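Fold and contact review
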Amino acid sequence: MSEDRKLTLEDFRAETENLIEVRNLYKWFGIKSGVFQRVTGHVKAVDGVSFKIKAGSTMGLVGESGCGKTTVGRTMLRLYPPTKGEMLYRGQNIYNADGRTMRTLRAKLQMIFQDPYSSLQPRMPVGEIIGEAVREHGLVPENQLREYVLEIMNESGLQPHHIDRYPHEFSGGQRQRICIARSLALGPEFIICDEPVSALDVSIQAQIINLLMDMQEKKKLTYLFISHDLSVVEHISSHVGVMYLGSIVEAGPKEKIFTETLHPYTKALFSAIPIPDPSFEMHRQILQGDIPSPSNPPAGCKFHTRCPECMEICKTEVPEWKEYSEDHFVACHLYDGVGKDAKPIVKKDVAMDTAKKKTAKKEQNKKAKNKE
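Residues numbered from 1 in each chain as written. Predicted model: local features only at pLDDT ≥ 70, side-chain atom pairs only at ≥ 80, totals over all residues. Heavy atoms only, no water.

Examining the nonpolar core
General note: in soluble globular proteins, nonpolar side chains tend to be found buried as a group. By size, the foremost hydrophobic cluster in this structure holds 54 residues, and its most contacted members are Ile130, Ile178, Leu212 and Phe225. In terms of nonpolar packing, the next biggest core, distinct from the first, is built from 32 residues, Ile53, Leu61, Ile192 and Ile248 among them. (Core = buried A, V, L, I, M, F, W, Y, C linked by side-chain atoms within 4.5 Å. Buried < 20%, exposed > 50% of the residue type's maximum accessible area, 1.4 Å probe, protein only.)

Okay, here's the thing in structure tokens:
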């Protein structure tokens, strides 16, 4: 197929194992200065990101604030024009789709935004907010629209009398349910959840997470779940990618990421997870220094300025993306030469998960009491 040809809707009907595939995605924002506002530099918000998401699964994308997680999601859906790269939906690059095709694809590729307060139109009632896009895409006849909206609201945990109320009359959790209902109303296959619970109380977070998981099972949805809350990501995701300064430094199945942590940055993130056990002794890995500017990232490995295991090679050469074990990838010089038939140049550091740590601590305390 010629890359110059604009794709039509028929090109996106093929069944594929990986519903979503991102290949070498870049999004650089120009820095303008001077009287004539000329571009003098770039903020490298997304700098060569690649991953795959199987149909019906959830990939969690984690990292510190400002690492580029949200920009990845917005660029994937063409809310930001990409600088370079591909975003494949059902095996076809949506960046090659014409305007009419992309308008139809919008219904299949949805996004739940982070802030439920600013993402809702304050002058429109809930019924109009949810039904506006449904009417625009012509998914149901006009005389059935209200009934359809009520059905979606019921699935999302909203009451029928909410249909004529305005966003300011709802709590944060209810507003997020409205945002979820608005996305579900179009019958999507893929939803980007951009920190959908970060602004909510813990008890409400659990309700929203359970709602998303129920909807995924019921409607066979595929998620990209963006969050900085590792405990939430562990609960909802099947695969996890860890971002730092615009790049993914480690990715793989959830079980391997949480129990066989490889990258020093991932280890530092996981060491910050609070454990609700006053007798458990935390071993925090405190990172030194500040996050470098994405407009002027350091040479070599971007993490070397804060890495406790930094070597000379880290300061000059960019680490390659290596498959450490099956489907578990890492970009770190500590694991150079690692492959299916090779051995790591350093001893593999397998981090115990939270449950194992707690069990070990309890056994230690029990033995101490028996000796007394």
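A few points about the sheet that holds strand E9 (residues 239-244)
Consider a sheet: its strands pair through backbone hydrogen bonds, and that pairing is either parallel or antiparallel. Reading across from one edge, E6-E7-E8-E3-E9-E10-E12-E11 is the order of the eight strands in this open sheet, with mixed pairing throughout. Single-partner strands in this sheet number two, and they are strand E6 (109-112) and strand E11 (321-325). Across the sheet, the mean angle from the axis of one strand to that of its neighbour is 20°, orientation sign disregarded. Note that strand E10 (residues 247-253) and strand E12 (residues 328-331) share two bridges and pair antiparallel. Looking across to E12, one finds that Glu250 is bridged to Val330. Packed onto the sheet, helix H6 (residues 202-219) meets strand E3 (58-62), E6, strand E7 (190-194) and strand E8 (222-226) and runs at close to 155° relative to E8. (Pairing = 2+ DSSP bridges. Helix = DSSP H or I, 4+ residues; strand = E, 2+ residues; numbered from the N terminus. Axes fitted to C-alpha atoms, helices over the stretch in contact; angles between N-to-C directions. Contact = heavy atoms within 4.5 Å.)

Considerations on the sheet that holds strand E4 (residues 84-89)
Spatially, E2-E1-E4-E5 is the arrangement adopted by the four strands of the open sheet, whose pairing is antiparallel. Strands at the two margins of the open sheet, each flanked by one partner only, are strand E2 (38-54) and strand E5 (92-93). As defined by bridge partners, E4 adjoins E5 across two bridges and the pair is classed as antiparallel. Residue pairing across strands places Tyr89 opposite Gln92, the latter belonging to E5. Packed on one face of the sheet, helix H1 (residues 69-76) meets strand E1 (18-33), E2 and E4 and runs near 110° to E1.

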